[in-house]
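Structural description and commentary
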Amino acid sequence: MYKPDPMDTTNVVLPESLLELTEQIAENVHENWAAARIAQGWTLGEKYDGEKKTTPWLIPYDALPESEKEYDRNTAFQTLKLVMALGYRIEKA
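Because the structure is predicted, anything quoted here is derived from the model rather than measured.

1. Quick notes on the layout of surface pockets
Approximately 170 Å³ is the volume attributed to the largest pocket. What lines the largest pocket is simply Ser 17, Leu 18, Glu 20, Leu 21, Gln 24, Ile 90, Glu 91 and Lys 92. In terms of residue class, the lining of the largest pocket is built from three nonpolar, two polar and three charged.

This is the structure we're talking about:
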């Protein structure tokens, strides 16, 4: 049985500059997700239906409810924390 074992990043503190980057990454995560769904034949629908391939979230990021944005933000946040935990630095050119 599969037991997820993500790297522990609880002690990683992101600098303020990376916290600002989180929202941009979150939006891009959503854009990539939406592009993949559309390429797979998914369309906008009132509710999620895996059989009919419909989802209410094929809309621009800024139109998403906060609950959905939070999912993308968490992905971005955890990815940035992992990058830092692995010893990488992120600098704006």
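2. So, the side chain of Thr 55
Counting through the fold element by element, Thr 55 comes out in strand β2 (residues 54-55). Among the polar contacts made by the side chain of Thr 55, one reaches the main-chain amide nitrogen of Trp 57 at a distance of 3.3 Å. Every residue in contact with Thr 55, bar those within four places of it in the chain, is listed here: Trp 33, Trp 42, Thr 43, Leu 44, Gly 45, Lys 47 and Tyr 48.

3. Some points on a nonpolar patch on the surface
On the surface, Met 7, Leu 82, Leu 86 and Tyr 88 cluster together into a nonpolar patch covering about 410 Å² of accessible area. Tracing the chain through its elements places Leu 82 in helix α2 (residues 66-85).

4. Comments concerning helix α1 (residues 16-39)
Its 24 residues give α1 an end-to-end C-alpha distance of 36 Å, which sits within 8% of 34 Å, the value for a rise of 1.5 Å per residue. When we look at burial in α1, the residues that qualify are Leu 18, Thr 22, Ala 26, His 30 and Ala 34. Contact partners of the buried residues in α1: α2.

5. What about the environment of Asp 49?
In this fold, Asp 49 is placed in the loop between β1 (43-44) and β2. For Asp 49, a relative accessible area of 18% gives the class buried. With 28 residues separating them in the primary sequence, Asp 49 and Leu 21 have C-alpha atoms 32 Å apart. With residues up to four places along the chain from it excluded, the contact list for Asp 49 reads Trp 42 and Thr 54.

6. What to know about the environment of Trp 33
For Trp 33, the position within the fold is in helix α1. Using a relative accessible area of 26% as the deciding quantity, one classes Trp 33 as partly exposed. The spatial distance from the C-alpha of Trp 33 to the C-alpha of Lys 3 is 25 Å, given a sequence separation of 30 residues. Aside from chain neighbours lying at most four places away, what touches Trp 33 is Thr 55, Trp 57 and Leu 58.

7. Quick word on the packing of α1 against α2
Interaxial distance between α1 and α2 falls to 8 Å at its minimum, and their mutual angle equals 125°. Here α2 runs oblique to α1, going by the angle between their axes. Here α1 and α2 pass one another in a crossing that is right-handed. Within the contact between the two elements, α1 uses Leu 18, Leu 19, Leu 21, Thr 22, Glu 23, Ile 25, Ala 26, Val 29 and His 30 and α2 uses Asp 72, Arg 73, Thr 75, Ala 76, Phe 77, Leu 80 and Met 84. Taken together, the residues of the contact of α1 with α2 break down into ten nonpolar, three polar and three charged.

Calculation rules
- Residues numbered from 1 in each chain as written.
- Predicted model: local features only at pLDDT ≥ 70, side-chain atom pairs only at ≥ 80, totals over all residues.
- Heavy atoms only, no water.
- 1 Å grid on protein atoms, 1.4 Å probe; cavity = no way out; pocket = protein on both sides within 12 Å on 5 of 7 lines; lining within 4 Å.
- Points joined across faces, edges and corners; volume = space filled by probe spheres on them.
- Nonpolar A, V, L, I, M, F, W, Y, C, P; charged D, E, K, R; others polar.
- Helix = DSSP H or I, 4+ residues; strand = E, 2+ residues; numbered from the N terminus.
- Polar contact = N/O pair within 3.5 Å; in protein donor to acceptor, adjacent residues only side chain to side chain.
- Contact = heavy atoms within 4.5 Å.
- Patch = residues over 30% accessible without salt bridge, like charges linked within 9 Å, V, L, I, M, F, W, Y side chains within 5 Å.
- Areas by Shrake-Rupley, 256 points an atom, 1.4 Å probe, with all protein chains shown as cover.
- Salt bridge = Lys/Arg side-chain N within 4 Å of Asp/Glu carboxyl O.
- Expected span 1.5 Å × (residues − 1).
- Buried < 20%, exposed > 50% of the residue type's maximum accessible area, 1.4 Å probe, protein only.
- Axes fitted to C-alpha atoms, helices over the stretch in contact; angles between N-to-C directions.
- Parallel < 35°, antiparallel > 145°, perpendicular 65-115°, else oblique.
- Left-handed = near helix turned anticlockwise from the far one by under 90°.

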